[in-house]
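As a plain string of letters, each chain reads:
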Amino acid sequence: MSLETDTPTPHASRIRRFGRAQRWVHRATAALMGVCVVTAACLYVPQIAELVGRRELVVRVHEWAGLALPVPVLAGLASRAFRADLRFLNRFGPHDRVWLRAALRRDKRSASRPAGKFNAGQKVYAAWIAGATLVMLGTGLLMWFTHLTPIQWRTSATFVHDWLALTIGIVLGGHIGMALGDPEARRGLRTGKVSRDWADREHPLWRP
């Protein structure tokens, strides 16, 4: 055999993880969430508010970015591949409990953390951020349309909105930190493809 036949090409060692729809939804959602977080910081941190100014404009950008936040996911439902990924994220099996127990023990061995296309941590994060987004949207609407609800509702909505926003900021920071520590996962979201070695190591139960 020739040397070219014996040597695998880099392209052949990569497998498709995400299609165009999944990558578009993730990027659009991340961009809108980033706008919400940055504008929230401009509204609630006095030092940043003084630097930025134009509070009325910042409020409007924050409101419209929050209203648009569910749009990428809703648009993504037109994609069969995106709907399939949502089904994967919504299924929690015995191997996911094994993964979570290993994570709690800080056991980082691949053999101790079985995972399909998405691991248990990603499933928990996806469920939590989806629920938090809906709560933020609901409380934000109560704060926006002040004439539709009693003052007690608006006060409660403001309290929940503010503290949940802080929690989301912390969780997003952890999410970004984990992404920065896994360049291959980032490459998968950027190009749609990952190395087969990474898939076998991090997601051994996934069958592309």
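*Asks:* Sorry if this is basic, but what is going on with the overall build of the protein here?
*Replies:* In terms of regular secondary structure, the protein is built from 11 helices and two strands. Across the protein, helices and strands are ordered from the amino to the carboxyl terminus as α-β-α-α-α-α-α-α-α-α-α-β-α. Dimensions along the principal axes, computed over C-alpha positions, put the protein at roughly 75 × 35 × 35 Å. Across the 208 residues in the protein, those meeting the buried criterion constitute 29%. Partitioning the intrachain contacts of the protein with sequence separation of at least 6 by distance along the chain shows that 68% fall at a separation of at least 24. Total accessible area on the protein is roughly 13600 Å²; 65% of this is exposed by carbon and sulfur atoms.

*Asks:* Help me out: how do you make sense of the packing of helix H8 (residues 120-144) against helix H9 (residues 151-180) in this one?
*Replies:* Each packed pair of helices is defined by two parameters, the angle between the axes and the distance between the axes. The N-to-C vectors of H8 and H9 enclose an angle of 150°; their axes lie 9 Å apart at closest approach. As the angle between them shows, H8 and H9 are arranged roughly antiparallel. Along this stretch, H8 crosses H9, giving a crossing that reads as left-handed. Of the residues in H9, those in contact with Tyr125, Trp128, Ile129, Ala132, Val135, Met136, Thr139, Gly140, Leu142 and Met143 of H8 are Arg154, Ala157, Thr158, Val160, His161, Leu164, Ala165, Thr167, Ile168, Val171, Leu172 and His175. When grouped by side-chain class, the residues that make up the contact of H8 with H9 number 15 nonpolar, six polar and one charged.

*Asks:* How should I be thinking about unusual backbone geometry in this particular structure?
*Replies:* Excluding glycine, a negative phi dihedral is what most residues carry, and trans is how most peptide bonds are arranged. You will see that arginine 106, though not glycine, has its phi angle at about 60°, which is positive. Here arginine 106 is to be found in the loop between helix H7 (94-104) and H8. By relative accessible area, arginine 106 is classed as exposed at 72%.

*Asks:* Just to check I follow, could you spell out the environment of methionine 178 for this structure?
*Replies:* Position of methionine 178 among the secondary structure elements: in helix H9. The class for methionine 178 is exposed, based on a relative accessible area of 64%. Taking C-alpha positions, methionine 178 is 33 Å from serine 156, a pair spaced 22 residues apart along the chain.

Conventions used here
Residues numbered from 1 in each chain as written. Predicted model: local features only at pLDDT ≥ 70, side-chain atom pairs only at ≥ 80, totals over all residues. Heavy atoms only, no water. Helix = DSSP H or I, 4+ residues; strand = E, 2+ residues; numbered from the N terminus. Buried < 20%, exposed > 50% of the residue type's maximum accessible area, 1.4 Å probe, protein only. Contact = heavy atoms within 4.5 Å. Areas by Shrake-Rupley, 256 points an atom, 1.4 Å probe, with all protein chains shown as cover. Axes fitted to C-alpha atoms, helices over the stretch in contact; angles between N-to-C directions. Parallel < 35°, antiparallel > 145°, perpendicular 65-115°, else oblique. Left-handed = near helix turned anticlockwise from the far one by under 90°. Nonpolar A, V, L, I, M, F, W, Y, C, P; charged D, E, K, R; others polar.

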